[in-house]
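Fold and contact review
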Amino acid sequence: MKKLAYKLNTSMLRQLLISVIALITLFGSTVHADNKVVVTASFSILGDLVKVVGGDRVSVVTLVGPDEDAHVFEARPSDAKNLLKSKLFVINGLGFEPWATKLAKSAGYKGKYVIATTGVRGIKMSAESEHAEDAHSEVDPHAWQNPENVVLYVRNIAAGLAMVDPAGASTYLANAKAYVIQLQALNTWAKEKTGSIPLDKRKVITSHDAFAYLGEAYQIKFLAPQGGSTESAPSAKGVALIIKQIQREKIKAIFVENMSDPKLIVQLSKDVGVTVGAKLYADALSSTEKPGATYLKMMRHNVTQLVAGMELN
Ligand code: ZN
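For clarity, every value in this text was computed on a predicted model and none was experimentally measured. (Residues numbered from 1 in each chain as written. Predicted model: local features only at pLDDT ≥ 70, side-chain atom pairs only at ≥ 80, totals over all residues. Heavy atoms only, no water.)

Attention now goes to the nonpolar core. Formed by 75 residues in total, the largest nonpolar core has its most connected members in Leu-49, Trp-144, Tyr-153, Val-154 and Tyr-295. Counting residues domain by domain, this core receives three or more from each of domain 1 (33-188) and domain 2 (194-310). Every residue in contact with Trp-144, bar those within four places of it in the chain, is listed here: Phe-43, Ile-45, Asn-92, Phe-96, Val-150, Tyr-153, Ala-282, Asp-283, Tyr-295, Met-298 and Met-299. Ile-205, Val-239, Ile-242 and Ile-265 belong to the second largest nonpolar core, which has 13 residues in total. (Core = buried A, V, L, I, M, F, W, Y, C linked by side-chain atoms within 4.5 Å. Buried < 20%, exposed > 50% of the residue type's maximum accessible area, 1.4 Å probe, protein only. Domains from an automatic or database assignment. Contact = heavy atoms within 4.5 Å.)

Here you go:
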């Protein structure tokens, strides 16, 4: 009888031990999740970059999601709540998200900022761009369309993360370094790919002026009937001019972007008898199942489609 009681006790003890170990594991993982540095990124492309540099140490909230248009974004009350939980707010700058500082102010955000374009050499908006009339946005904000600029983005993000989480500084630096190697590989590949098209055929029509940096990097001329922002509607004169230009220069490469209304460009392509190419990813990534789910994928997709279009010119 005594022996049986002892036996029961051992088995109960073993059960208890297992339960305690399970609890510790559960508790441990919860604690780990809570310890993550919460970072808010203004739009999906920055969200991807913060995830890459932050790795396991960081939890990222993205305000303007995949396929959404950051130019006309309106913050929800839940965005203000999420921002308040963050230690770092990563924005593009160069006038891309005028709503971001308003949101931070109204939410009472007291954390740090990273302006990802810090150090980037800005390209002025073209004189034909309707958006150039707007005094607040003389510099084109779409700097991420050149992978060399994204090297600076990633370094700025690593420095910002190290500032709010010094213990992770070496991790952020290592993650950034590894990613910069991928950006350089992307740039070399894109140079080779676009280099196969003769210079006088490197011309493309897109619905809004988002590719000046890509154009400069790979010597492609981008023409857009819509201005630098998706907000400004093109004038009838602007459309007439672009139709003439398409006909004169025999441009067959016409594209629309994932986050803007394709109506105008579809009409334009009908007027000049040219079919519209695959969607380009301009200011937003795609959802995970589509070809622009990360910055690297989006750039490879864009360059591949642009080259395919320009081959028809
Ligand atoms: Zn844009």
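Structure's up, so let's keep going.
Time to look at the pattern of salt bridges. Counted according to the given criterion, the structure contains seven salt bridges. Between Arg-76 and Asp-79 there is a salt bridge; the shortest N-O distance is 3.0 Å. Here Arg-248 makes a salt bridge to Glu-249, at a shortest N to O gap of 3.9 Å. Classification of Arg-248 as exposed rests on a relative accessible area of 57%. (Salt bridge = Lys/Arg side-chain N within 4 Å of Asp/Glu carboxyl O.)

Moving on, we get to the side chain of Thr-194. On the secondary structure map, Thr-194 appears in helix H6 (residues 169-195). In this structure the side chain of Thr-194 is engaged in a polar contact, spanning 3.4 Å, whose partner is the backbone oxygen of Lys-191. In this structure Thr-194 touches Arg-202, Tyr-218, Ile-220, Val-303 and Val-307, once residues within four positions along its chain are discounted. (Helix = DSSP H or I, 4+ residues; strand = E, 2+ residues; numbered from the N terminus. Polar contact = N/O pair within 3.5 Å; in protein donor to acceptor, adjacent residues only side chain to side chain.)

Let us look at the coordination of the zinc ion. The coordination sphere of the zinc ion contains the protein donors His-71 (NE2), His-142 (NE2), His-208 (NE2) and Asp-283 (OD), at a distance range of 1.9 to 2.3 Å. The site at the zinc ion holds four donor atoms, and with the angles between them running 95 to 119°, its shape is tetrahedral. Between consecutive donor residues of the zinc ion, the sequence gaps follow H-x70-H-x65-H-x74-D. A residue pair is termed long-range when its members are at least 10 positions apart, and His-142 in the loop between strand S4 (112-115) and helix H5 (147-164) and His-208 in the loop between strand S5 (203-206) and helix H7 (212-218) qualify at 66 residues. Assessed through its relative accessible area of 0%, His-208 is described here as buried. (Donors = N, O, S within 2.8 Å, 3.2 Å for Na, K, Ca; no water. Tetrahedral: all angles 85-135°; square planar, octahedral: opposite > 155°, others 65-115°.)

Let us now look at the sheet that holds S4. Across the sheet, which stays open at both edges, the four strands sit in the order S2-S1-S3-S4 with parallel pairing between neighbours. In this open sheet, the two strands that pair with only one neighbour each are strand S2 (58-64) and S4. Pairs of neighbouring strands in the sheet enclose a mean axial angle of 20°, with direction left out of account. Pairing of strand S1 (residues 37-43) with strand S3 (residues 88-91), which is carried by three bridges, proceeds in the parallel orientation. Counterpart to Val-39 in the pairing with S3 is Leu-88. (Pairing = 2+ DSSP bridges. Axes fitted to C-alpha atoms, helices over the stretch in contact; angles between N-to-C directions.)

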